Amino acid sequence: MELGIALLLVALMLSLLVVQQRRGRGLKDAAARYRVFYEAAPVAIVVSDHLHRVLDWNDAAEKLFGWSREEVLGRDFLDMLVSKPALVDFQDAVTRTMQTTSVTTTLTHNLRRDGTLLLCDWRHAVIGKGQTDQVVVSMALDVTDARHTQAALRKSERRFRSLAETTNDIIWTADLHGRFTYVSPSVEEQTGFTAREVLQITVQDCLASPEARRMVEDELEYVRQHGKLRRSRFELEQRRRDGGTDWVDIVMDLLEGEPGEGREIVGITRKVTAQRQLREALAARVAAIEEAAEGVSIRTTDGVVEYVNPAYERLTGYTAEALVGKQFHVVGDEEEREKFYGEMLPALQRGETWRGEMSAARRGGDRYIAAVTVSPIHAEDDQIVRLVSIVRDVTEERHMARELERRAHYDELTGLPNRALFFDRLHERIRQARRAGEGLALLFMDLDGFKALNDTHGHQAGDRALAEVARRFNATLRESDTLARVSGDEFAVLLGPMPHPEHAGQVAAKLLASLEAPLDVTDVEPAVLGVSIGIGRYPEDAEAPELLLKCADEAMYAAKEAGRNRYHFYAGSDELRQTPKPVTGVD
């Protein structure tokens, strides 16, 4: 009975592996992700192609049969392991698995390397579509000693009942029509029905769907006709007294009856609802990764790629076949790579997830901005065993963000900083000047004659005039100076550092001179504009940014009142609420 429970656990592990491999990109990819389970499995696992040639087998297979992995690769494992009398039945089981893609079982005498015979319980499952693409995963459990124990159990009803009544699984026997002849007391805990109630019905009556009942009835009919089981394992929905259902795993075998008695079926029913939900959730997660818009890769701690999803292939331009088994990173040049590892590795060593952005390159050299998240995967001993990376192309997002930033801080017509950005720079420049003990000047300018041009020739001519004025102003200034369009036809210039007070007047004179030449902005005749300029100085006139701007603004109005197209300094250091005393600059 312990053997039956062990076989149930083996089948559950096989089912999980099959689900993962169906969602993956082939045996090599799946084996890489599940190597830990594969090597640690307590049962022998043999992986073969459609011609029964060994592709791989695990440590348990080496230990059970005596051949090393290197000795068996490429050999026909049927000729190696299966005894001649059992060869046909064993090959039929493997062929049936490949044709139906369902799990098949065989109980077969097998040969060890030293020539001794083993009795093994085999489970076969197929992965892949198309005959030449199919891979068969076969799992073997040595039941040589267990078979003798089973024979002894059949001889001792008392020992059988004692074991059956202490297990949580439902142990039962039934005739070849499915009528129960024995059921363990655990049936009440699992289903709510008493053992006495269950003995009045059939195996088929316990099942929840017509399809499940038909499946079991077909198997019983096969046994009645051929004297052997065609299929010994089922995963079906079982009814409960409260009207609900549970998924159960049913393992069956044939019992030889006593002389004069017919054969019976012995079965073990185990509730696997939680395992099935886990398997379905696992399959859903694999499907989600496969369909994800972000690129996902799984790597060893050495950076060797074990898996990439389709989005990762599209993002990088490389196929999974080109990447798996190699070290590959989306980071572009060497400098970026050093920065990437310099930031990422310390975080991962602390067991933390790392996030960052970097310049990356696709196959062919096209560059893009990649947002990367790298998370460590821990084993039970808290050691990092894998790294999962999620990569997303954020080039368009970053370009859009920069464009929004530009629009928020720059004038669309002239390309100059707008009022908000100008004030940010004014605050920063005053802080720098204060620390360095330097002076600076702010020029506030209003175009003369612009309103008449705009009213006479229209907004398009006005826009062309503003763009040309901005170009001419910019040509007269240093790179360290800031020119901004602060409103309709108002401009401001931030000068600094200013070694001599006369420097502001010299710049103002150049700005006036830049507009002496007419502007070719209308379809009729060139336009002539002037500019009135007010100059405020830090720290002489004001120390606060807002007050300094107000000084320059009032000096500009003084220039207009004095006749326009000229510049004025703000006069004196009186409070702004006092009447300013402008001083006309010398052109």
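Quick caveat: nothing in here was measured; it's all calculated off a predicted structure. (Residues numbered from 1 in each chain as written. Predicted model: local features only at pLDDT ≥ 70, side-chain atom pairs only at ≥ 80, totals over all residues. Heavy atoms only, no water.)

As for the packing of helix H18 (residues 419-436) against helix H22 (residues 545-561)
Item 1. Two numbers describe how H18 lies on H22: the axes approach to 10 Å, and their chain directions differ by 115°. Judged by the inter-axis angle, H18 sits roughly perpendicular to H22. Both H18 and H22 take part in a crossing whose hand is right-handed. The segment H18 lies against H22, with Arg419, Phe423, Leu426, His427 and Ile430 engaging Pro545, Glu546, Leu548 and Leu549.
Item 2. Tallied by class, residues from the contact of H18 with H22 come to six nonpolar, one polar and two charged. (Axes fitted to C-alpha atoms, helices over the stretch in contact; angles between N-to-C directions. Helix = DSSP H or I, 4+ residues; strand = E, 2+ residues; numbered from the N terminus. Parallel < 35°, antiparallel > 145°, perpendicular 65-115°, else oblique. Left-handed = near helix turned anticlockwise from the far one by under 90°. Contact = heavy atoms within 4.5 Å. Nonpolar A, V, L, I, M, F, W, Y, C, P; charged D, E, K, R; others polar.)

Comments concerning the sheet that holds strand E1 (residues 44-48)
Item 1. Read from one edge of the open sheet, five strands run E2-E1-E5-E4-E3, paired in antiparallel fashion. In this open sheet, the two strands that pair with only one neighbour each are strand E2 (54-57) and strand E3 (104-111). Recorded for the sheet is a direction-independent mean angle of 30° between the axes of neighbouring strands.
Item 2. Those strands touched by helix H7 (residues 87-100) are E3, strand E4 (117-127) and strand E5 (135-142), and its axis lies near 15° from that of E4. (Pairing = 2+ DSSP bridges.)

Describing empty space enclosed by the protein
Item 1. Under the defined criterion, the tally for this structure stands at one cavity of 30 Å³ or more.
Item 2. Computed from the structure, the largest cavity encloses a volume of approximately 30 Å³.
Item 3. Around the largest cavity sit Trp172, Ala174, Asp175, Gly178, Val203, Val216, Leu220, Met252 and Ile265, which together line it.
Item 4. Elements represented by at least two residues in the lining of the largest cavity include exactly strand E6 (170-174) and helix H12 (210-226). (1 Å grid on protein atoms, 1.4 Å probe; cavity = no way out; pocket = protein on both sides within 12 Å on 5 of 7 lines; lining within 4 Å. Points joined across faces, edges and corners; volume = space filled by probe spheres on them.)

A short note on the packing of aromatic side chains
Item 1. Tallying each qualifying case throughout the model produces eight aromatic pairs.
Item 2. Their ring planes at 80° and their centres at 6.1 Å tell us that phenylalanine 77 and phenylalanine 90 sit as a pair that is edge-to-face. Of this pair, phenylalanine 77 sits in helix H6 (residues 77-81) while phenylalanine 90 is found in helix H7, placing the two residues 13 residues apart along the sequence.
Item 3. A relative accessible area of 1% means that phenylalanine 90 is categorised as buried.
Item 4. Ring centres of phenylalanine 77 and tryptophan 122 lie 6.3 Å apart, and the angle between their planes is 40°; this geometry places the pair in the tilted category. Of this pair, phenylalanine 77 sits in helix H6 while tryptophan 122 sits in strand E4; the two residues are 45 residues apart in sequence, bridging distant segments of the chain. The pair phenylalanine 77 / tryptophan 122 is uniform in exposure class, with both members buried.
Item 5. Here the aromatic cluster, defined as three or more aromatic residues joined through ring pairs, consists of Trp57, Phe65, Phe77, Phe90 and Trp122. (Phe/Tyr/Trp six-rings, centres within 6.5 Å; stacked < 30°, edge-to-face > 60°. Buried < 20%, exposed > 50% of the residue type's maximum accessible area, 1.4 Å probe, protein only.)

Focus on the sheet that holds strand E7 (residues 180-183)
Item 1. As summarised here, the arrangement of the five strands in space is E7-E6-E10-E9-E8, forming an open sheet in which the pairing is antiparallel. Edge strands, defined here as strands with exactly one partner in the open sheet, are E7 and strand E8 (233-239). Shown here is a sheet whose adjacent strand axes are inclined to one another by a mean of 30°, direction ignored.
Item 2. Pairing analysis gives seven bridges linking E8 to strand E9 (residues 245-255), with the strands arranged antiparallel. From the neighbouring strand, leucine 236 faces E9, where its bridge partner is valine 248.

Notes on the nonpolar core
Item 1. Core analysis: the largest hydrophobic core is formed by 33 residues, its most contacted members being Leu443, Leu447, Phe473, Phe491 and Ile533.
Item 2. Listing elements by their share of this core, those giving two or more residues are strand E16 (440-448), helix H19 (450-457), helix H20 (459-476), strand E18 (490-495), helix H21 (502-514), strand E19 (530-538) and strand E20 (567-569).
Item 3. Formed by 24 residues, the second largest nonpolar core is a distinct cluster that contains Val54, Leu78, Leu81 and Cys120. (Core = buried A, V, L, I, M, F, W, Y, C linked by side-chain atoms within 4.5 Å.)

Notes on H19
Every α-helical turn comprises 3.6 residues, leaving residues that sit three or four positions apart pointing alike.
Item 1. Along H19, the positions that sit buried rather than exposed are Phe450, Leu453 and Asn454. Here the buried residues of H19 occupy an arc of 95° about the axis, which is enough to place them on one side. Opposite the buried face of H19, at more than 90 degrees from it, the exposed residues are Lys451, Asp455 and Thr456. (Arc of directions from axis to C-beta.)

Digging into the pattern of salt bridges
Item 1. Inspection of the entire model under this criterion finds 34 salt bridges.
Item 2. With its nearest N and O atoms 3.1 Å apart, the salt bridge here joins aspartate 242 to arginine 240.
Item 3. Accessibility expressed as a relative area gives 23% for arginine 240, which makes it partly exposed.
Item 4. A salt bridge links arginine 564 to aspartate 448; the nearest nitrogen and oxygen atoms lie 3.6 Å apart. Within this pair, whereas arginine 564 is found in the loop between H22 and E20, its partner aspartate 448 is found in strand E16, the two being separated by 116 residues in sequence. (Salt bridge = Lys/Arg side-chain N within 4 Å of Asp/Glu carboxyl O.)

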